[in-house]
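Residues per chain are reported as follows:
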Amino acid sequence: MTAPGVRDAGYDDFVDALAEGEGYYLECENGHGTLPPRRVCPHCGSRELVETALPETGTIDSYTVVHVAAPAFADDVPYAVAVADFGAVRLTGQLQSDLDAVETGLTVAPRVGKSETTGERLLTFELR
Ligand SMILES: [Zn+2]
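Bear in mind that the values here come from a model prediction, so they are computed numbers and not experimental data. (Residues numbered from 1 in each chain as written. Predicted model: local features only at pLDDT ≥ 70, side-chain atom pairs only at ≥ 80, totals over all residues. Heavy atoms only, no water.)

K.L.:
What's the story with the overall build of the protein chain in this structure? I'm lost.
P.N.:
Per the secondary structure count, the protein chain includes one helix and eight strands. Listed N to C, the secondary structure of the protein chain is α-β-β-β-β-β-β-β-β in terms of helices and strands. By the compact-globule yardstick of 14 Å for 128 residues, the protein chain fits well, its C-alpha radius of gyration being 15 Å. Going through the 128 residues of the protein chain one by one, you find that 33% of them count as buried. A sequence separation of at least 24 residues applies to 49% of the contacts in the protein chain between residues at least 6 apart. Of the roughly 7400 Å² that the protein chain leaves accessible, carbon and sulfur atoms contribute 46%. Separation between the mean location of the 9 positive side-chain charges and that of the 21 negative ones in the protein chain comes to 5 Å. (Helix = DSSP H or I, 4+ residues; strand = E, 2+ residues; numbered from the N terminus. Rg over C-alpha atoms; globule rule 2.2 N^0.38 Å. Buried < 20%, exposed > 50% of the residue type's maximum accessible area, 1.4 Å probe, protein only. Contact = heavy atoms within 4.5 Å. Areas by Shrake-Rupley, 256 points an atom, 1.4 Å probe, with all protein chains shown as cover. Lys, Arg positive; Asp, Glu negative; His and termini not counted. Charge placed at Lys NZ, Arg CZ, Asp CG, Glu CD.)

K.L.:
Got a minute to help me understand the layout of surface pockets in this structure?
P.N.:
Unfilled space is identified by rolling a water-sized probe across the atoms. A volume near 180 Å³ is recorded for the second largest pocket. Together, L18, G21, E22, G23, A53, L54, P55, E56, A109, P110, R111 and R128 line the second largest pocket. Sorting elements by how many residues they give to the lining of the second largest pocket places strand 7 (residues 107-114) first, with three residues. For the lining of the second largest pocket, a count of residues per class yields six nonpolar, two polar and four charged. (1 Å grid on protein atoms, 1.4 Å probe; cavity = no way out; pocket = protein on both sides within 12 Å on 5 of 7 lines; lining within 4 Å. Points joined across faces, edges and corners; volume = space filled by probe spheres on them. Nonpolar A, V, L, I, M, F, W, Y, C, P; charged D, E, K, R; others polar.)

K.L.:
Explanation requested: the side chain of Q94 in the structure shown.
P.N.:
Locating Q94 in the fold gives a position in strand 6 (residues 90-95). Residue classification places Q94 among the buried positions, given a relative accessible area of 6%. Those residues in contact with Q94 that lie beyond four places of it in its chain are F73, D76, Y79, A80, L122, L123, T124 and F125.

K.L.:
Looking at this structure, how should I read the coordination of the zinc ion?
P.N.:
Ideal donor angles around a metal are set by the shape: a four-donor tetrahedron calls for 109.5 degrees, a six-donor octahedron for 90 or 180 degrees. Here the zinc ion is held by the protein donor atoms C28 (SG), H32 (ND1), C41 (SG) and C44 (SG), which lie 2.1 to 2.3 Å from it. Note that the zinc ion binds four donor atoms; their angles at the metal cover 104 to 116°, and the shape is tetrahedral. In primary-sequence terms, the residues that donate to the zinc ion follow C-x3-H-x8-C-x2-C. H32 sits in the partly exposed class, given a relative accessible area of 26%. (Donors = N, O, S within 2.8 Å, 3.2 Å for Na, K, Ca; no water. Tetrahedral: all angles 85-135°; square planar, octahedral: opposite > 155°, others 65-115°.)

K.L.:
Looking at this model, I keep getting lost on the nonpolar core. Mind explaining?
P.N.:
One recurring pattern in soluble globular proteins: nonpolar side chains tend to sit buried together. Formed by 23 residues in total, the largest nonpolar core has its most connected members in F14, L54, F86, L91, L95 and F125. Broken down by element, the residue count for this core peaks at four residues, all from helix 1 (residues 11-19). F14 has contacts with Y24, L35, P36, L91 and L123, leaving out every residue within four places of it along the chain. (Core = buried A, V, L, I, M, F, W, Y, C linked by side-chain atoms within 4.5 Å.)

K.L.:
I keep staring at the packing of aromatic side chains and nothing clicks. Help me out?
P.N.:
Working definition: an aromatic ring pair is given by the centre-to-centre distance plus the angle between the planes. What the rule picks out here adds up to four aromatic pairs. With a centroid separation of 5.7 Å and 40° between ring planes, the pair formed by Y11 and F14 is classed as tilted. Separated by three residues within a single helix, Y11 and F14 lie in helix 1, roughly one turn from each other. Judged by its relative accessible area of 1%, F14 falls in the buried class. (Phe/Tyr/Trp six-rings, centres within 6.5 Å; stacked < 30°, edge-to-face > 60°.)

K.L.:
Got a minute to help me understand the pairing of strand 4 (residues 58-66) in this structure?
P.N.:
Side-chain positions along a regular strand alternate between the two faces of the sheet. Pairing analysis gives two bridges linking strand 4 to strand 7, with the strands arranged antiparallel. Across the sheet, the residue bridging to T59 is T107, located in strand 7. Pairing analysis gives seven bridges linking strand 4 to strand 5 (residues 79-85), with the strands arranged antiparallel. Considered in strand 5, the bridge of Y63 is made with A82. (Pairing = 2+ DSSP bridges.)

In structure tokens form, the structure reads like this:
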């Protein structure tokens with residue numbers, strides 16, 4: 001059973017929505033948040049996952065500056081990979097600029113950028 005209005009919960013759909021400024025996460029009836037693609041809440045096993053609007057901004061929880069990357073990201077360095085807290089969910093994304101300014105507790109907005117190396121879409125953060 002799929003509730004009305006729930007997409008096929010694929011990661012590409014999630015990225016599409018985020019690119020349009022309509023990011024969402026999946027929330028079960030117990031308030032656990034998770035990111036697509038999921039059909040079952042990883043916290044409690046609920047299958048009643050409802051798309052819930054992602055807050056426009058989150059807060060950097062932790063980050064790592066990458067100077068030497070795997071081949072798939074070789075042309076992206078240096079960049080930071082940050083984990084940001086959006087309340088019910090955490091997103092991991094790349095920060096491609098302002099590396100000297102990055103610190104935990106900063107406010108970021110999720111964006112969809114692309115890898116300098118492969119051109120593939122990836123989740124990025126913009127400092128706010
Ligand atoms: Zn749950």
